[in-house]
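Below are the chains, spelled out letter by letter.
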Amino acid sequence: YVQMSGRAGRRGLDDRGLVVLMMDERMDPSIAKGMLHGRSDPLNSAFRLHYPMILNLTRMEGGDECEKLIKRSFKQFQTDREIPKLIKRCAELA
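Here the structure is a predicted model, which means the values were calculated and not measured. (Residues numbered from 1 in each chain as written. Predicted model: local features only at pLDDT ≥ 70, side-chain atom pairs only at ≥ 80, totals over all residues. Heavy atoms only, no water.)

**Topic: the confidence of the model for the protein chain**
Then step 1. Within the protein chain, residue pLDDT values average 82, and 89% of them lie at 70 or more.
Then step 2. At the low end of the mean pLDDT range in the protein chain sits helix H1 (residues 2-5), at 57; at the high end sits helix H5 (residues 74-93), at 94. (pLDDT = per-residue confidence, 0-100. Helix = DSSP H or I, 4+ residues; strand = E, 2+ residues; numbered from the N terminus.)

**As for the pattern of salt bridges**
Then step 1. Counting across every chain of the model gives five salt bridges.
Then step 2. When the shortest N-O distance is used, the salt bridge between Asp 24 and Arg 26 registers 2.6 Å.
Then step 3. Measuring nitrogen to oxygen at the nearest pair gives 3.1 Å for the salt bridge that ties Lys 71 to Glu 67. Taken together, the positions of Lys 71 and Glu 67, both in helix H4 (residues 63-71) and four residues apart, correspond to about one turn of that helix. (Salt bridge = Lys/Arg side-chain N within 4 Å of Asp/Glu carboxyl O.)

**A word on the packing of aromatic side chains**
Then step 1. On inspection of all chains with the given rule, the structure shows one aromatic pair.
Then step 2. With centroids separated by 5.9 Å and ring planes inclined at 20°, the aromatic side chains of Phe 74 and Phe 77 adopt a geometry described as stacked. Of the two residues, Phe 74 and Phe 77 both sit in helix H5, three residues apart, roughly one turn of that helix.
Then step 3. On the basis of relative accessible area, Phe 77 is assigned to the partly exposed category, the value being 40%. (Phe/Tyr/Trp six-rings, centres within 6.5 Å; stacked < 30°, edge-to-face > 60°. Buried < 20%, exposed > 50% of the residue type's maximum accessible area, 1.4 Å probe, protein only.)

**Quick look at the side chain of Ser 73**
Then step 1. With respect to the helices and strands, the residue Ser 73 is situated in the loop between H4 and H5.
Then step 2. The buried category is assigned to Ser 73, whose relative accessible area is 13%.
Then step 3. Engagement of the side chain of Ser 73 in a polar contact is seen with the backbone oxygen of Ile 70, the distance being 2.8 Å.
Then step 4. Those residues in contact with Ser 73 that lie beyond four places of it in its chain are Arg 11 and Phe 47. (Polar contact = N/O pair within 3.5 Å; in protein donor to acceptor, adjacent residues only side chain to side chain. Contact = heavy atoms within 4.5 Å.)

**What about a nonpolar patch on the surface?**
Then step 1. A surface patch of nonpolar side chains, amounting to about 430 Å² of accessible area, comprises Leu 18, Val 20 and Met 22.
Then step 2. With respect to the helices and strands, the residue Leu 18 is situated in the loop between H1 and helix H2 (29-37).
Then step 3. Judged by its relative accessible area of 73%, Leu 18 falls in the exposed class. (Patch = residues over 30% accessible without salt bridge, like charges linked within 9 Å, V, L, I, M, F, W, Y side chains within 5 Å. Areas by Shrake-Rupley, 256 points an atom, 1.4 Å probe, with all protein chains shown as cover.)

Here it is as structure tokens:
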């Protein structure tokens, strides 16, 4: 449930989303509470950029659109989020 509701809004467009949880009297209230307050599994992008993909995107959309698509990807978001950690690690090794 947490994973399904975690992206209820549209990234970059909505500041909040709406989730409707429909349940019946057969569900134990403690189970429902656990669903609502539980932790989600880590989500990692499976996006992998390959040369044929770059060539096809560039041919079909143009170089600028190809770059925009990659910059908006969840993989790029995750990569950008790791930069401060990598900088800190480099400083520790220097």
